[in-house]
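Observations on the three-dimensional arrangement
Here are the chains, one letter per residue:
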Amino acid sequence: MSETYLLRMENISKDFYGNKVLENVNLNVKPGEIVGLVGENGAGKSTLMNILFGSETIHETGGFSGKIIFDGQERMFTSSFDALEAGIGMVHQEFVLIPGFTATENIMLNREITRKNLLTEVFGERMNTLDWPKMRSRALQAIETLEVNLNPDMLVKDMPVGHRQFTEIAREIDRETTKLLILDEPTAVLTETEAKVVLNIIKKLSQKGIAILFITHRLQEILDVCDTIVVLRDGKIQKILKPMETNAQEIAQYMVGRELSEQKSSVWEEREFHEVILQVNDLWVDMPGERVNGVSFEVYKGEIFGIGGLTGQGKLGIANGVMGLYPSEGQVTIRGQALKLNSPKDALNAGLAFVSEDRRGIGLLLDQPLSWNIAFTTMQVKEQFIKKLLGGLIKWRDDEAIAKLARDYIKKLSIKCVDENQLVCELSGGNQQKVCLAKAFAMNPEILFVSEPTRGIDVGAKKLVLDTLRQYNEEYGVTIVMTSSELEELRSICDRIAIVNEGRIAGILPPTAPAADFGLLMLGKTDVKEGVESAS
Amino acid sequence: MLVKIQRILGTIGLPRLLIALFLLSLFVIAPFVNVRVDTSINDLIIRFGMNAVLVLSLVPMIKSGCGLNFGLQLGVIAGLLGSVISLELKLRGFVGFFTAISISIVLAVILGWLYGQLLNRIKGDEMVVATYVGFSAVSFMCIMWLILPFKSPDMIWAYGGQGLRTTISTEGYWYHILDDFLRINLGSHIAVPTGTILFFALLALIMWAFFRTKAGTAMEAVGSNPDYARSCGINVNRVRTQSVILSTVFAAIGIIVYEQSFGFIQLYNAPLMMSFPAIAAILLGGASVTKVKMWHVVVGTILFQGILTMTPSVINNLIESDMSETIRIIISNGMIIYALTRKMKVRT
Amino acid sequence: MNPIKKWLIDYSVPIMFILIIIFATPLAGYSMSFLANEIMTRMSRNTFLVLSLIIPVIAGMGMNFGIVLGAMAGEIALILITDWHIVGVPGVVLAMLISTPIAIIFGYFSGAILNKAKGREMVTSLMLGFFMNGVYQLFVLYGMGKVVPITNKSILLSRGYGIRNAISLDGIRQSLDNVIKVNIWGIQIPVMTWLVITALCLFIMWFRKTKLGQDMRTIGQDMEVARASGIDVDRTRIISIIISTVLASYGMIIYLQNIGTLNTYNSHEQIGFFCIAALLVGGASVSKATIPNAFIGVILFHTVFVVSPRAGKELIGDAQLGEYFRVFITYGVIAFSLALYAWKRKVEQENERRSALGLHRASLQKPGGGGINVEKMGN
């Protein structure tokens, strides 16, 4: 029966340095079938698609095991060009377009139609002249297949976002050989009307016999458009469903469904808080990839407030916005006083500290020793670890005090290193994260923002980090706002958890709420149950 | 063992190694072609003193991430202006010397601030713009030297009276003022210009100390990772401007130190290409576009000036022709190209 | 931004030059016919060189300070044909033929190095020019006569090897120019030279329409997208530099046949600066250079060049001032244009990001308030 399937992925497994990301995934796609791929962050969707599309990172990290049978042949794609040639196209989340070129030029990029001329004989094929009229009509053909109103002569930079998406799709289907199209969150950046057009395109392409693999988190889209729904969780296929036979609740349950283990629920009692320490009102943050579109919430003094949601939905943007790292608008009040936005200095002076999700990018000075990294912010903002000479005119760095501070934290957080002078770039990911934590703790903040605290850390270190956060919260009364992709993590130590969807707060739940409720919020269904106020 | 050697080689860098060996071989050949080693060493020490401060001035901008200071000429111009003003005021000896320095510092701060504003607005393209800003400034000053109302007969053209001469002697003012300070004589051919060396050491110490202050630490962070620095509340632009001002000030002092040793104030087109030898020297010492340590300054100046001292004498005697200029061009520019083609330090 | 204001900023350099010309020309007091002839001569001499800068700009390499290498290739060829006593147009053609392989090698070397310095192409090509000057000296000052046999002793230095500082190129002096000379309104026009220049213009225009040209345009816009779509970015960049270097070598030969003398060690040094300054004066930028930019630039730049010394003398009584002024203008133009371009680019990026936030906010803000969610404790 293998002839009826266009694509068969058999027993695909992949691990990144011992970390299992995919386990025995079996996926079959018929020609013209629309398969929706759903899952939480880290469930394995992107990795699966990357394997199929021949991404370099897969091969650079040990390849994968299992078989891919495409169009009747067993294939091993080692580069995206391989996959393209075989007939697989992919539209990524980030557009691969040239803003200064027209739609036609982009659709025909590096596959231009040419005519020979004199010089071709001497200098080779690249001297062929471009056949603009033919290219334009080809582009028009592709555009007509999509049935959209796209001007082939318009420059990409002048187009609204939706049209750029159409151009991308047009480019992929113009290839005559395309049999399977992978779309990674194609409607993420589109308006409602534009999204509808894309969904129509998907239906049309499917009618023409092109199979579609469609990654999305928008519940309605999944139910409206897909022939088959595949739910991935923790690297395994949780369930394969047909839209007719299921509903939002069920999908969410499969996507997220792990009940709280007894161990955690017995330790964690519900706490009561009275004083509002942080108020966020209508915050908009322009963080590329994690846009925040007007969130409002309150955090109580002494609580651990969690922020969760799927990747790209905006949860990471909130902390970054408050800390002034990305352009923001809105109002933030701390202990009743307004905080000036877009100013890291003001945020730090107001008693906030931040452990960024971008550990290596902005969290650390990789080529400097541990001691510097831990003490730097405190030295600059609070002028500690400084010896004042000449009546305050010269602020001399107190290397001894810095070294002592570093040693203290090395002990407290069990940072594995040679000594406090070791360069941070030489530490493992987990230990680098501990250095970032130490840096924030050294500031003695009142409110600590932590984003993705245990990303890339092994299991043992994970527990240590979470325990440390809890300890600081209980012992020193530090209010913690924790942003994480891992729902379990949030449910294990937070007092309340907000879920961000499409840049807005979809709802705030207690950690004891059923997992499916969280899943539904992540998928965009905000009218979950009583007790939770949501956007109407 | 092999791995260890490879590692050391990697740190030193192949070109550096080759040049060091080249220099060593010149010293070895010297006696065989009738070049006195002790005179050569003497020359080398003097030239070190002359140039080291100029090379030192490059350090702040590399540390702050502004890259190699191709606009060094701005600091030099401040120094030249300070010098001629000091001479115009007929100040001699140490008074004259330090007046020159003081005036230059003031001018250098102003020029450095302006230069810093420019560089901050063109982050990423600093080097080529700086080169041409430097060239333009020198050409502009050519016009200025002609029309500025200087009157001192030691400085202006003898006949015609308007405009400064191309070369002005410092004799009688502060010629060798540092060189002769505490001069040590070793044998008949080596006279160490102690004062100059001490002055350089003092300036190097000041710079080293600066990088141990709160502001200096911030500057290093900005160069290491500007996003990190920004997230700590540091005003990255302000720190970069500070580094540019520092570099310009040190360059201004550097040219004055150079003048007192060399004996002449050189105006008009002389400073045109001055940034390149200094940059080549620091690169030779081990620095890169983004990283530098203090000892790079010393090692680099010694190596570079060594080449400049030895090649004319040795090679010319060896093959009986003057190849020194050509070799200098190849080495110094080649060194800069090597540095520019190194992979940028990848942060993540 | 106000479109007029934008236009003024974009073309500030040519506008400044026009103002200088309006001011200085009457001061200098040259006759119209003298000026016209001077400009015509300079145009026919320099335009080819300036045009050779255009293709690297298309490929995103910025201003190719490395055309100096092409100039050196041309000079080496001229030295050889002078040695072999080949005169007239055949001499010029042979020089071009000889310079081609040399220029290709130089261009390849240059391109390979620039590929290793992505993002710093301009300063690297600048240093490359200086560096190769040293290598050129090594070859011409020491190699020629010793390693490369030179039979014509008159062009050698007295010591027996190494080329003299200045060689007369009498054999080919103006040979290209003189093939067809026409006199219109008192201005001498070297028609053949202009035919060659026109041929280059046609080549550039046609080149843009080829696959190779399109690939270069793609790379010039966005290297990563080009790479992702399968274009061999490194190879294409090298090709753009090779073409530029070869064209520059021809341009240098045209330049020198007009002047009639070869300053062996100095001729090429300033060619780089002057040509780039001229192109920038014509309104080009690091990312955009067109054929009109080249022509307008040469006219404006060289007019200022011609009138400055005399204007300076009239103004301050010192011709030297005028000379310094024109050097200052050359460097200043480049510094200003490059800085302006870099600054504009940053401002554009800023504006895009800011408007993106604003637009995004506007498009998502629905009446009735989307996203306000305040949760009360105690459910």
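Remember, it's a predicted structure, so these values are computed and weren't measured experimentally.

Brief notes about the overall build of chain C
The helix and strand tally for chain C stands at 15 helices and four strands. Seen along its three principal axes, the alpha-carbon backbone of chain C occupies a region of about 105 × 50 × 35 Å. Burial statistics for chain C: of 379 residues in total, 50% are counted as buried. Pairs at least 24 residues apart make up 73% of the contacts formed inside chain C by residues separated by at least 6 positions.

Concerning the overall build of chain A
A count of helices and strands for chain A gives 20 helices and 24 strands. The globule rule puts the C-alpha radius of gyration for 536 residues at 24 Å, and the 26 Å found for chain A is close to it. C-alpha extents for chain A along the principal axes are approximately 80 × 60 × 45 Å.

Structural notes on the sheet that holds strand S16 (residues 328-334) of chain A
Residues and elements named next belong to chain A. Across the sheet, which stays open at both edges, the four strands sit in the order S14-S13-S16-S17 with antiparallel pairing between neighbours. Only two strands of the sheet have a single partner each, and these edge strands are strand S14 (292-300) and strand S17 (337-338). Helix H12 (residues 315-322) rests against strand S13 (276-285), S14 and S16 of the sheet, and its axis sits at about 110° to S13.

Some words on the packing of helix H7 (residues 126-147) of chain B against helix H7 (residues 121-143) of chain C
Two elements in contact, H7(B) and H7(C), have axes separated by 7 Å at closest approach and are oriented at 55°. Considering their axes alone, H7(B) and H7(C) lie oblique with respect to each other. By crossing handedness, the relation of H7(B) to H7(C) is classed as left-handed. Each of B:Met127, B:Val128 and B:Thr131 in H7(B) lies in contact with H7(C), whose residues at this interface are C:Met122, C:Val123 and C:Leu126. Class assignment for the residues of the contact of H7(B) with H7(C) results in five nonpolar, one polar and no charged.

Considering the sheet that holds strand S2 (residues 19-29) of chain A
Residues and elements named next belong to chain A. Read from one edge to the other, the open sheet built from four strands follows the order S2-S1-S4-S5, with strand pairing classed as antiparallel. Of all strands in the sheet, those with a lone pairing partner are S2 and strand S5 (73-75), marking the two edges. Neighbouring strand axes in the sheet, compared pairwise and without regard to direction, differ in orientation by 25° on average.

Concerning unusual backbone geometry
The phi torsion at A:Asp71 lies on the positive side, around 55°, for a residue other than glycine. Looking at where A:Asp71 falls in the secondary structure, it is placed in the loop between strand S4 (65-70) and S5. One non-glycine residue, B:Tyr268, lies in the positive phi region at around 60°. Relative to the assigned elements, B:Tyr268 resides in the loop between strand S4 (264-266) and helix H12 (275-284).

Let's talk about the interface of chain A and chain B
Each partner contributes residues to the interface: chain A has 23 residues there, and chain B has 17 residues. Of all the secondary-structure elements, those providing two or more residues to the side of chain A that touches chain B are helix H13 (344-349), helix H14 (359-363), helix H15 (370-382) and strand S20 (394-397) of chain A. Ranked by residues supplied to the side of chain A that touches chain B, first place goes to H15(A) with five residues. Residue classes in the side of chain A that touches chain B are distributed as 13 nonpolar, five polar and five charged.

Observations regarding helix H9 (residues 214-224) of chain B
Counting buried residues in H9(B) gives eight out of eleven residues, a clear majority hidden from the surface. Where H9(B) is concerned, the buried positions are B:Gly216, B:Thr217, B:Ala218, B:Met219, B:Ala221, B:Val222, B:Gly223 and B:Ser224. Those residues of H9(B) hidden inside the fold are in contact with H15 and S20 of chain A together with helix H4 (59-63), helix H8 (194-210), helix H10 (226-231) and helix H11 (236-262) of chain B.

Some details on the interface of chain B and chain C
Tallying the contact residues gives 29 residues for chain B and 36 residues for chain C. Among the elements that make up the side of chain B that touches chain C, the one with the highest residue count is H7(B) (14 residues). Of the residues contributing to the side of chain B that touches chain C, the split by class is 19 nonpolar, eight polar and two charged.

As for the confidence of the model for chain C
The predicted model of chain C has a mean per-residue pLDDT of 85, with 93% of residues at 70 or higher. Predicted complex, confidence summary: ipTM 0.84, pTM 0.86.

Overview of the packing of helix H17 (residues 429-441) of chain A against helix H18 (residues 459-476) of chain A
All names here are of chain A. With their axes 10 Å apart at the nearest point, H17 and H18 run at an angle of 10° to one another. With respect to H18, the element H17 is oriented roughly parallel. For the pair formed by H17 and H18, the contact residues are Gly430, Gln433, Leu437 and Phe441 on the first element and Ala461, Val465, Thr468 and Tyr472 on the second. A class-by-class count of the residues in the contact of H17 with H18 yields five nonpolar, three polar and no charged.

Topic: the pairing of strand S23 (residues 496-501) of chain A
Each regular strand displays side chains that alternate between the two surfaces of the sheet. All names here are of chain A. Counting buried residues along S23, six of its six residues qualify, which places the element largely inside the surrounding structure. In this sheet, S23 lies alongside strand S15 (residues 304-308) in parallel orientation, the contact comprising four bridges. What sits directly across from Gly306, in S23, is Ile497. Connecting the antiparallel pair S23 and strand S24 (residues 504-509) is a turn made up of two residues, with Glu502 showing a positive phi of about 55°.

A word on the domain arrangement of chain A
The assigned domain composition of chain A is domain 1 (1-87 + 177-256), domain 2 (98-175), domain 3 (261-351 + 445-536) and domain 4 (364-442). Distance between the C-alpha centres of domain 1 of chain A and domain 4 of chain A: 45 Å.

Notes on the pairing of S20(A)
Residue and element names in this part refer to chain A. Every second residue of S20 is oriented toward a common face, the buried set being Lys395 and Arg397 and the non-buried set Ile394 and Trp396. Relative to S20, strand S19 (residues 386-389) is paired through four bridges, and the arrangement is antiparallel. Residue pairing across strands places Lys387 opposite Trp396, the latter belonging to S20. Adjacent in sequence and paired antiparallel, S19 and S20 are bridged by four residues, among which Leu390 carries a positive phi angle near 55°.

What to know about the environment of A:Thr454
Residues and elements named next belong to chain A. Summarising the element assignment, Thr454 is placed in the loop between strand S21 (447-451) and H18. Separated by 263 residues in the primary sequence, Thr454 and Thr191 place their C-alpha atoms 34 Å from one another. With near-sequence residues (within four places) excluded, Thr454 lies in contact with Lys462, Val465, Leu466 and Glu489.

Quick word on helix H3 (residues 37-56) of chain B
With 20 residues, H3(B) extends 27 Å from end C-alpha to end C-alpha; this agrees with the ideal 28 Å at 1.5 Å per step. Maximum bend of H3(B): about 35°, positioned at B:Met50.

Brief notes about the confidence of the model for chain A
Per-residue confidence for chain A averages 84 on the pLDDT scale, and 95% of its residues sit at or above 70. The low-confidence segment residues 528-536 of chain A, where pLDDT is below 50, has 22 contacts with residues more than four positions distant or belonging to other chains.

What about the environment of C:Thr245?
All names here are of chain C. Turning to its location among the elements, Thr245 is positioned in helix H12 (residues 233-259). Measuring from C-alpha to C-alpha, the distance between Thr245 and Leu69 comes to 6.7 Å, with 176 residues separating the pair along the chain. For Thr245, the residues in contact, after removing those within four places along its chain, are Gly66, Ile67, Leu69, Gly70, Ala103, Phe106, Gly107 and Ser110.

Conventions adopted
Residues numbered from 1 in each chain as written. Chains lettered and ligands numbered in written order. Predicted model: local features only at pLDDT ≥ 70, side-chain atom pairs only at ≥ 80, totals over all residues. Helix = DSSP H or I, 4+ residues; strand = E, 2+ residues; numbered from the N terminus. Buried ≥ 20, exposed ≤ 12 C-beta atoms within 10 Å, placed from the backbone. Contact = placed C-beta atoms within 7 Å. Rg over C-alpha atoms; globule rule 2.2 N^0.38 Å. Pairing = 2+ DSSP bridges. Axes fitted to C-alpha atoms, helices over the stretch in contact; angles between N-to-C directions. Parallel < 35°, antiparallel > 145°, perpendicular 65-115°, else oblique. Left-handed = near helix turned anticlockwise from the far one by under 90°. Nonpolar A, V, L, I, M, F, W, Y, C, P; charged D, E, K, R; others polar. pLDDT = per-residue confidence, 0-100. Domains from an automatic or database assignment. Expected span 1.5 Å × (residues − 1). Bend = angle between axes of the 7 residues up to and from the residue.

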